[in-house]
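Observations on the model geometry
Listed here are the chains, written in short residue letters.
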Amino acid sequence: MVRLILFGPPGAGKGTQAEALSKQLQVPHISTGDIFRSAIAAQSELGLKVQAYLDQGTLVPDSVVIDMVQERLSQSDIAAGWILDGFPRTVPQAQALDELLAKIKQDYTLVLNLQVSESVLVQRLLGRQRKDDTEEVIQQRLRVYRDETSPLLAFYDLSTRLVTIDGAAEVEIVNARIQEAITAC
Ligand code: AMP
């Protein structure tokens with residue numbers, strides 16, 4: 001049973017790795033960003049509520065994200081395990097996740113921190129085709145990561161389940177290192 005939290009700045013490769021791991025480990029990939037993008041595409045109530053945040057590269061309010069994750073983690077497929085990608089992103093979100101997991105009597109296996117330098121991140125993000133990958137929005141998202149998300153590393157560092165992996169390496173090498181970390185724990 002594997003329950004992973006993939007952590008790292010935008011462009012670190014969380015989505016790519018989560019997708020591969022989801023297939024390899026046969027567990028659902030839960031990406032809050034993907035859920036928001038689908039909601040925006042469907043023009044649902046949630047989509048309309050969150051669109052401006054994604055366009056600007058700012059964070060969706062904690063209460064909205066936490067409610068959504070709570071609802072996702074109440075679905076039956078998560079009995080097999082899960083991979084969280086892009087959540088939590090703030091200390092209150094991490095606290096809410098702890099409470100939520102305690103309530104459903106689950107715990108995470110590992111927090112995987114994908115570390116990549118800012119210059120590599122900017123290059124990678126500029127090479128993608130996503131709507132929020134313009135230079136201005138990229139800079140905003142990196143700022144949000146530095147100010148609001150990176151403090152979470154100290155939160156998870158208190159546990160022995162935080163593993164930092166060099167995310168600048170080739171996709172397959174990063175994947176192999178993640179698999180090793182899972183096997184070792
Ligand atoms: P991502 O695909 O993870 O890069 O997320 C894209 C965008 O969705 C972010 O820039 C935020 O606007 C929003 N988002 C995704 N996950 C979260 C979260 N955990 N908390 C707040 N906003 C989020």
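All of the points below concern the structure found in this document. Counting restarts for each chain, with residues numbered from 1 along the sequence as it is written. Reporting in this predicted model follows two pLDDT cut-offs: at least 70 for local features of residues, and 80 or more for side-chain atom pairs to be given and counted; totals over whole chains, interfaces and linings ignore these cut-offs and use all residues. Heavy atoms from the whole structure form the basis of all side-chain values; hydrogens and water molecules are not counted.

1. Topic: the packing of aromatic side chains
Let me state the cut-off plainly: Only Phe, Tyr and Trp rings take part, Trp by its six-membered ring, and two of them pair if their centres are within 6.5 Å. Stacked means planes under 30 degrees apart, edge-to-face means over 60, and tilted covers everything else. Numbering of helices and strands runs from the N terminus; a helix is a DSSP stretch of H or I covering at least four residues, while a strand is a stretch of E covering at least two. We call a residue buried when its accessible area falls under 20% of the maximum for its residue type, exposed when it is over 50%, and partly exposed in between, using a 1.4 Å probe and counting protein chains only.
Within this structure, the stated rule accounts for three aromatic pairs. Relative to Y145, the ring of F7 lies with its centre 6.1 Å away and its plane at 55°, an arrangement referred to as tilted. With a gap of 138 residues between them, F7 in strand β1 (residues 2-7) and Y145 in helix α7 (residues 135-149) connect regions that are remote in the sequence. When sorted by exposure, F7 lands in the same class as Y145, which is buried. Relative to Y156, the ring of F155 lies with its centre 5.1 Å away and its plane at 85°, an arrangement referred to as edge-to-face. Given a relative accessible area of 23%, F155 falls into the partly exposed group. You can call Y156 buried: its relative accessible area is 2%. Each residue in the set Y108, F155 and Y156 is aromatic and connected to the rest through ring pairs, giving one cluster.

2. Quick word on the site of the ligand
The condition is simple: Neighbouring residues are identified by heavy atoms, a residue being near a molecule or strand if any of them is within 4 Å of it. In protein, a polar contact means a hydrogen-donor-capable atom and an acceptor-capable atom, both N or O and within 3.5 Å, with residues adjacent in sequence counting only if both atoms are side-chain atoms; elsewhere, any N or O pair within 3.5 Å suffices. Computed with a 1.4 Å probe, the accessible areas rest on the Shrake-Rupley method; for each residue, only the protein chains presented here act as cover. Only protein atoms enter the 1 Å grid used here, on which a cavity is any set of points holding a 1.4 Å probe that cannot leave and a pocket is any open set flanked by protein within 12 Å on both sides along at least five of seven lines; residues with an atom within 4 Å of a point are listed as lining. Pocket or cavity membership: a molecule qualifies when more than half of its atoms sit within 2 Å of the grid points of that site. Polar here means any residue outside two lists: the nonpolar Ala, Val, Leu, Ile, Met, Phe, Trp, Tyr, Cys and Pro, and the charged Asp, Glu, Lys and Arg; Gly therefore counts as polar.
In the vicinity of the ligand there are 16 residues, among which T32, R37, T58, G86 and Q93 approach most closely. Within the backbone of V60, one N or O atom sits 3.1 Å away from a nitrogen atom of the ligand. With respect to the ligand, the backbone of G86 contributes an N or O atom lying 2.9 Å from a nitrogen atom. Considered on its own, the ligand offers 470 Å² of accessible surface; in the complex 96% of this is hidden by protein. Taking a 2 Å distance to the grid points as the criterion, the majority of the atoms of the ligand fall inside the largest pocket. A per-element tally of the shell around the ligand places helix α2 (residues 32-41) first, with four residues. Its residues assigned to classes, the shell around the ligand comprises seven nonpolar, five polar and four charged.

3. Here we look at empty space enclosed by the protein
What counts is decided by this rule: Grid points are joined across faces, edges and corners, and a volume is the space filled by probe spheres set on the points.
A full pass over the atoms with the stated rule returns one cavity of 30 Å³ or more. For the largest cavity, the calculated volume is near 30 Å³. Among the residues making up the lining of the largest cavity, the classes are represented as four nonpolar, three polar and two charged.

4. Considerations on the sheet that holds strand β4 (residues 110-115)
What counts here: The pairing criterion is simple: DSSP has to find at least two bridges between the two strands. Convention adopted: a line fitted to C-alpha atoms gives each axis, helices being fitted over their contacting stretch, and angles between N-to-C directions are expressed from 0 to 180 degrees.
Pairing within the open sheet is parallel, and its five strands lie in the order β2-β3-β1-β4-β5. If you trace the sheet from one side to the other, it starts and ends with β2 (29-31) and β5 (162-166), each paired once. Each neighbouring strand pair of the sheet contributes to a mean axis angle of 20°, computed without reference to strand direction. Pairing geometry for β4 and β5, over five bridges, is parallel. Within the sheet, the bridge partner assigned to L112 lies in β5 and is V163.

5. With respect to the pairing of β4
When you tally the buried positions in β4, you get five out of six residues, the bulk of the element. In this structure, β1 lies alongside β4, joined through four bridges in parallel fashion. Looking at β4, one finds that I5 is bridged to V111.

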